[in-house]
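Topology and contacts: notes
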Amino acid sequence: MRAATMNRTAVRELRRERIDWRFKGMPAESFGSTIEQFLEKRPTLRASGFVGPLLLLDRAALEHNLRTMAEWCARNGVLLCPHGKTTMAPQLFQRQLDHGAWGLTAANTSQLRVYRAFGVSRVLLANQLVDPSGLTWLAEELGRDPEFRFGCWVDSPENVRIMTEHLTAAECRVPVDVLVELGGVGGRTGARGVEQALEVARAAHDSPRLRLVGVSGYEGALAHDLSDSGLAAVDRYLSTMRETVERIGRAGLFDETEEIVVTAGGSSYFDQAAEALTASWELDRPVLAVLRSGSYVTHDHGLYRTMSPFGRAHRLAGPEEPFRPALRLLAQVASRPEPELALLTLGRRDASFDQDLPQPHRLRTAEGEFPLRDCRVTELADQHAFVALPAESGVEVGHWMECGLSHPCTVFDKWPLIPVVEDDEVVDLVRTFF
């Protein structure tokens, strides 16, 4: 199955954008220059006037993660349609597609519009689409570009009815691909159980504006840890997904497509999803097993370091190294008001904090860089981080701390322009669109 494509010219044009005060952390000396002009000067972190706090992306870690995930998917017979909401960065989308991604996943119409502005040719919208304006826009976009491949979730007959009515009103010229979403009690969206899913499938099959092409789900909504009960809950859910697919297939409700798309797999249990989706099927045509993991591209120092299959010994057998954290945040020590307290110039406006707080790893001084021990962030204010540390830590006002982060999905939205570094050199600037 051919990977999706993007408009490479549109991605390259990002380097023509001019740097100015809108982009926090950037050197004042760069203002007025295009990104391309600035990079031609081979800027460095130490000598080019960057100001803190400053989010950084490590190029070597990014490339390792992209390559590792692509190789694992190929070896395990699954396609990858990574969730772009993690980064909303077209330059990183392009790297994912360059590594063979089948498409990209979006969560809402605004994200989909960003993807299409950069010519992404295949998108799964991992949500229901019932907004009249969004459906009208989609109908126009599908009519404008015959190469655009799109699919979204449906989880109720009412959902199907609304889509059908608004696509009819918009005079949509091509049927819109939909996948029945299977949910679970206590989870998010999705039909609750196989019988409800069959009811949705019948409604979609009967719609003159929709084309039922598969089944979707998200196992991460039903488990949140690596306990035996959590892992078993994931397996039970995936088993129900398989039953749903085969029941819909035996009922003859999938449209006459070459393959049936079955998609699951976040960033925590994608090994279990791949195992379930690639087992043999009793269907009249092949199944495309599609994972939607997104956070692998940067990994992290917290949530996914613990939860990722490549960082634990559960079922995984292969030569993979663990993913590498590619995000780090530099902030200066602004105050030492108490012997065992330091205040950094980063806060909730700069770092993720919904899963774990930032983790101080390294101290940067005029004399060099040193690992930090027994230091931890205890609290974040809007613009300050409270760091508990030993009184004799050697940390002084003016020093810089390098912090690891947890849950990349809530970091990227705070940074519209992010330096990519190789050692001390800035080798690229990644533009985000939230």
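Residues numbered from 1 in each chain as written. Predicted model: local features only at pLDDT ≥ 70, side-chain atom pairs only at ≥ 80, totals over all residues. Heavy atoms only, no water.

Summing up its helical and strand segments, the protein has 11 helices and 18 strands in all. Whereas a compact globule of 434 residues would reach a radius of gyration of roughly 22 Å, the protein reaches 23 Å, a difference of no more than 12%. Per-residue burial over the protein gives 57% buried out of 434 residues. Look at the contacts in the protein between residues 6 or more apart in sequence, and 73% of them connect residues 24 or more apart. Entry remark: accessible area of the protein is about 18,500 Å², with carbon and sulfur atoms responsible for 47%. Charge separation in the protein, taken as the distance between the mean sites of 48 positive and 60 negative side-chain charges, equals 3 Å. (Helix = DSSP H or I, 4+ residues; strand = E, 2+ residues; numbered from the N terminus. Rg over C-alpha atoms; globule rule 2.2 N^0.38 Å. Buried < 20%, exposed > 50% of the residue type's maximum accessible area, 1.4 Å probe, protein only. Contact = heavy atoms within 4.5 Å. Areas by Shrake-Rupley, 256 points an atom, 1.4 Å probe, with all protein chains shown as cover. Lys, Arg positive; Asp, Glu negative; His and termini not counted. Charge placed at Lys NZ, Arg CZ, Asp CG, Glu CD.)

Here the idea is simple: oppositely charged side chains can pair when their charged atoms come close. As enumerated under the stated definition, the model contains 30 salt bridges in all. With its nearest N and O atoms 3.0 Å apart, the salt bridge here joins Arg-285 to Asp-284. A relative accessible area of 14% means that Arg-285 is categorised as buried. One salt bridge connects Arg-348 with Asp-382, and the closest N-O pair in it is separated by 3.1 Å. Of this pair, Arg-348 sits in the loop between β11 (341-344) and β12 (359-365) while Asp-382 sits in the loop between β14 (376-380) and β15 (385-388), and the two are 34 residues apart along the sequence. Since its relative accessible area comes to 34%, Arg-348 is described here as partly exposed. Among the ionic contacts, a cluster of salt bridges with common partners joins Arg-46, Asp-58, Arg-328, Arg-364, Glu-369 and Glu-402. (Salt bridge = Lys/Arg side-chain N within 4 Å of Asp/Glu carboxyl O.)

Take the pairing of β11 next. Judged by which residues are buried, β11 turns out to be covered on both faces: Leu-341 and Leu-343 on one side and Ala-342 and Leu-344 on the other are all buried. As paired strands, strand β10 (residues 327-338) and β11 are joined by 3 bridges and run antiparallel to one another. Across the sheet, residue Glu-338 finds its bridge partner in β11, namely Leu-341. The antiparallel hairpin formed by β10 and β11 contains 2 residues in its connecting segment. Note that β11 and β15 share 4 bridges and pair antiparallel. Bridging from a neighbouring strand, Leu-343 pairs with Phe-386 of β15. (Pairing = 2+ DSSP bridges.)

Our focus in this paragraph is helix α6 (residues 132-144). The first and last C-alpha atoms of α6 sit 18 Å apart over 13 residues, in line with the 18 Å expected at 1.5 Å per residue. Considered for burial, the residues of α6 that qualify are Gly-134, Leu-135, Trp-137, Leu-138, Ala-139, Glu-141 and Leu-142. Buried residues along α6 sit in contact with α5 (109-117), β5 (149-154), α7 (157-169) and β6 (176-182). (Expected span 1.5 Å × (residues − 1).)

Looking now at the sheet that holds β5. Read across the sheet, 8 strands follow the order β2-β9-β8-β7-β6-β5-β4-β3 without closing on themselves; strand pairing throughout is parallel. The open sheet has two edge strands, β2 (79-80) and β3 (104-106), and neither has a second partner. Relative to strand β9 (residues 287-291), β2 is paired through 2 bridges, and the arrangement is parallel. Residue pairing in the sheet places Leu-80 in a bridge with Leu-291 of β9.

What follows is about the packing of α6 against α7. In contact at an axis separation of 9 Å, α6 and α7 are set at 55 degrees when each is read in the N-to-C sense. One finds that α6 runs oblique with respect to α7. Taken as a pair, α6 and α7 cross one another with a handedness that is right-handed. Counting all contacts with α6, which are made through Pro-132, Leu-135 and Ala-139, the residues of α7 involved are Ile-162, Met-163, His-166 and Leu-167. (Axes fitted to C-alpha atoms, helices over the stretch in contact; angles between N-to-C directions. Parallel < 35°, antiparallel > 145°, perpendicular 65-115°, else oblique. Left-handed = near helix turned anticlockwise from the far one by under 90°.)

Quick look at the side chain of His-64 now. Mapping His-64 onto the fold places it in helix α3 (residues 59-76). Since its relative accessible area comes to 3%, His-64 is described here as buried. Among all residues touching His-64, those that are not within four sequence positions of it are Glu-321, Pro-322, Phe-323 and Arg-324.

Moving on, we get to helix α10 (residues 270-277). α10 sits mainly inside the fold: 7 of its 8 residues count as buried. Considered for burial, the residues of α10 that qualify are Phe-270, Asp-271, Gln-272, Ala-273, Ala-274, Ala-276 and Leu-277.

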